[in-house]
Amino acid sequence: MKHNLRAKLSIVIALVVLLTVAFISFFGNLFIGEQFNKYIAKLQEQKINEIVSTLSLQYEKSTGAWDVDFIHTIGMSALYEGYIAAVYDMEGRTVWDAQAHDMDLCAQVMEDISDRMVNNVPQMDGTFTSETFYFTRNNETFGTVNIRYYSPYFFSENDFEFLTALNTVLLVIGTLSLIISVLIGILMARHLSRPILKTVDVTKRIADGNYDVRIDEETGTKEIDMLISSINHLAASLEKQENLRKQLTEDVSHELRTPIAVLQSHIELMTEGIWDPTTERLEGLCEEIQRMGKLVEELENLARIDSNSIKLNKSMIHLHEIINEVIRIFEAGIADKNLTISVDGDCSAINADGDRIRQVVVNLLSNAIKYSKDGGAISFELQETEETVGFQIKDNGQGIPENELPFIFERFYRADKSRNRKTGGSGIGLAIAKSIVEAHGGTICVESEIDRGSRFKVILPKTNNRGL
Ligand code: ADP
C-alpha cells in the first residue's frame, strides 16, 4: 500500500516524537523516583539520629534524673511524624514509652503509614521494624531508646503530594510537546510536500505536451529548488525542440513544395505531349532537382549542428589564412560580378576548429557576393583585442531592411522572400554560422542599411572552453 509523502512524513515525525517523549518520561520518572527514594531514606536516617541525640540530652548525669516532660514532648512530636519511641534507663526501666502513653494513637499512626504505603507503593513490601540506640556521653552509656518505624523508608502525605505533582507536570509536558511536535511535523510535511506535488503536477502537464508550463516557486530547500529548476529547464528545452521541429517541418515542406510543383507540372506537360522535352527544359528541371539536393544537404548540415554534438576539432588557426583560402574558392563568382575584394589587418592565431570557422567565412562571403550588385566592393577587416580576435566582412550591396535584421540568423529566414528565391538561398547559412560561432563561445552580429550594404562582425575569444 502506498502512502502519500505528507502522511508518511507526518507519521514518521509523530512516531519519533512519541518515542522520544515516552523514553524521556519513562527514564525521567525512574531516575527521579529513585533519587527521591534515596533522599527520603537519608532524611529518615537523619531524623532518627536527631531524635536520639535530643533525647540523650534530657538526662542529667549529676543527679541521674531524666527530664520526662521534655522527653514526652520530643516523643509525641516524633510519634506524629511516624516514629514510635521508648526510652529506657541503664537498668532497663522505662523512662517514657509512646505505646504505654497512648496506645491508640500509636496504633493509629502505624495503621495510617502502613495503609498509605501498601496502597501507593505496593511493590515495596515494607514493615514496621524497631531499632535500639544507646545513649552515651564520655564513653559512658546511660540509657537506650527503641524506635519503631516503617522500614526501609516511608512517605509522608506531603511526599506523596510532591510525587503526584511531579508526575502530573511530566505528563503535561510530555503531552504538550507531543501535540506541538505533531503539529510542527504536519506543517513541515505540508511545506515539503506541497512543492513536490506541484512539480509532479507540472511534470504530468509537460508529459501531456504542455511545454509552456513553468514552476515559479522558491522553496528554500536546496534539493527541491534544484528539482524545480531542472524541470523548468526540461520544459524549456522541450518547448524549444518542439518549436524547432514544427518550424522545420513547415519550412522544409514549404521549400520542397515549389520545386516539386514545377517538376510535376513540367513533366506532365511533357508526358501529355504538350511540351517538347527540349534540352533547355530538361536543364531547368535538373536545376530544380539540384536545388532540392542542396536543401537536403544544408538540412543535414544543420541537423549535425543542432544535435548539440558540435564536436570542435580545435587546433591553432590563423583567421587571415582561412579568409584568403575562402576568397580563392569564390574567385569565379567574384570575377563574374566584377567585384573588388580586400583583406586588411591581422590577428594572432587562436585555438579553434578550422573547418567550422572556414564554414562561417564561406557562408558570410557567399552571402556578400550573392547580395552585391555588379561591380560592388567586399572588404574583410581583421581585429584583435587582449581577449578576442575577430573579423568583419562588409559589402556595399542591397542591404537588409531594418525590421528584418533581428531575424536573419534564424533558420530558413530570408529577407524579402521573392527576391531571394532567385538568388537560390534557403535561409540556413547564417543560422549555421551563428551556431558555430557560439559553440566557440563567440558572437556574431550585423549592421545593415538598405541599398548601402551590410557588415557582419564575428568575435571569438582567445581562450574558451565551450564546445566539446
Ligand atoms: P540564404 O541562404 O537565404 O542567404 P542566410 O541564412 O545566409 O540564408 O541569410 C538569411 C537572409 O539574410 C538572406 O536571405 C538575406 O535576405 C539576408 N542576408 C544575408 N547576408 C546578406 C548580405 N550580405 N546582404 C544582404 N542581405 C543579406
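Notes on the structure in this doc start here. Keep in mind the model is a prediction, meaning the values are calculated, not measured.

**Description of the packing of aromatic side chains**
Step number 1: With the rule as written, the count across this model stands at 17 aromatic pairs.
Step number 2: Plain terms: the ring middles of Phe26 and Phe27 are 5.1 Å apart, the flat faces sit at 85 degrees to each other, and that makes the pair edge-to-face.
Step number 3: Residues Tyr83 and Phe154 carry aromatic rings whose centres are separated by 5.7 Å and whose planes lie at 55 degrees to one another, so their mutual orientation is tilted. Note that Tyr83 is positioned in the loop between helix 2 (68–80) and strand 3 (84–89) and Phe154 in the loop between strand 6 (140–151) and helix 5 (157–207), a separation of 71 residues in sequence.
Step number 4: Judged by relative accessible area, which is 3%, Tyr83 ranks as buried.
Step number 5: Note on Phe154: relative accessible area 5%, which makes it buried.

**What to know about unusual backbone geometry**
Step number 1: Cis geometry is adopted by the peptide bond preceding Pro152, which originates at Ser151 and carries an omega value of 0 degrees.
Step number 2: Its location among the elements puts Pro152 in the loop between strand 6 and helix 5.
Step number 3: The phi dihedral of Asp125 falls on the positive side, at around 55 degrees, and the residue is not glycine.
Step number 4: By the element assignment, Asp125 lies in the loop between helix 4 (103–120) and strand 5 (127–137).
Step number 5: In this model, Asn139 sits at a positive phi of 60 degrees, which is unusual for a non-glycine residue.
Step number 6: Here Asn139 lies in the loop between strand 5 and strand 6.
Step number 7: The exposure class of Asn139 is exposed, given its relative accessible area of 83%.

**A few points about helix 2**
Step number 1: When the terminal C-alpha atoms of helix 2 are compared, their 18 Å separation across 13 residues agrees well with the 18 Å that a helix rising 1.5 Å per residue should span.
Step number 2: Those residues of helix 2 that fall on the buried side of the exposure criterion are Ile71, Ile74, Gly75, Met76, Ala78 and Leu79.
Step number 3: Looking at the buried residues of helix 2, the elements they touch are helix 1 (5–56), strand 2 (65–66), strand 3, strand 4 (94–97), helix 3 (98–101) and helix 4.
Step number 4: Just past helix 2, the residue Gly82 takes up positive phi, approximately 105 degrees.

**A look at the pattern of salt bridges**
Where charged atoms from two side chains of opposite charge approach closely, those side chains can pair.
Step number 1: This model, assessed by the stated rule, comprises 19 salt bridges.
Step number 2: Close ionic contact of Asp89 with Arg93 constitutes a salt bridge, the shortest N to O distance being 3.2 Å.
Step number 3: Given a relative accessible area of 12%, Asp89 falls into the buried group.
Step number 4: In this structure, Glu91 and Arg93 form a salt bridge, with 3.4 Å as the shortest nitrogen-oxygen distance.
Step number 5: Arg93 sits in the exposed class, given a relative accessible area of 51%.
Step number 6: Salt bridges sharing common partners tie together Arg194, Lys198, Asp216 and Glu217.

**Quick notes on the sheet that holds strand 6**
Step number 1: The strand order 4-3-6-5 describes an open sheet built from four strands, whose pairing is antiparallel. Pairing within the sheet leaves two strands with one partner each, and these edge strands are strand 4 and strand 5. Adjacent strand axes in the sheet meet at a mean angle of 15 degrees, parallel and antiparallel pairs treated alike.
Step number 2: Taken strand by strand, helix 1 contacts strand 3, strand 5 and strand 6, and its axis lies near 145 degrees from that of strand 6.
Step number 3: Along the sheet, helix 2 makes contact with strand 3 and strand 4, crossing strand 4 at roughly 35 degrees.

Calculation rules
- Residues numbered from 1 in each chain as written.
- Predicted model: local features only at pLDDT ≥ 70, side-chain atom pairs only at ≥ 80, totals over all residues.
- Heavy atoms only, no water.
- Phe/Tyr/Trp six-rings, centres within 6.5 Å; stacked < 30°, edge-to-face > 60°.
- Helix = DSSP H or I, 4+ residues; strand = E, 2+ residues; numbered from the N terminus.
- Buried < 20%, exposed > 50% of the residue type's maximum accessible area, 1.4 Å probe, protein only.
- Expected span 1.5 Å × (residues − 1).
- Contact = heavy atoms within 4.5 Å.
- Salt bridge = Lys/Arg side-chain N within 4 Å of Asp/Glu carboxyl O.
- Pairing = 2+ DSSP bridges.
- Axes fitted to C-alpha atoms, helices over the stretch in contact; angles between N-to-C directions.

The analysis is restricted to geometry; functional conclusions fall outside its scope.
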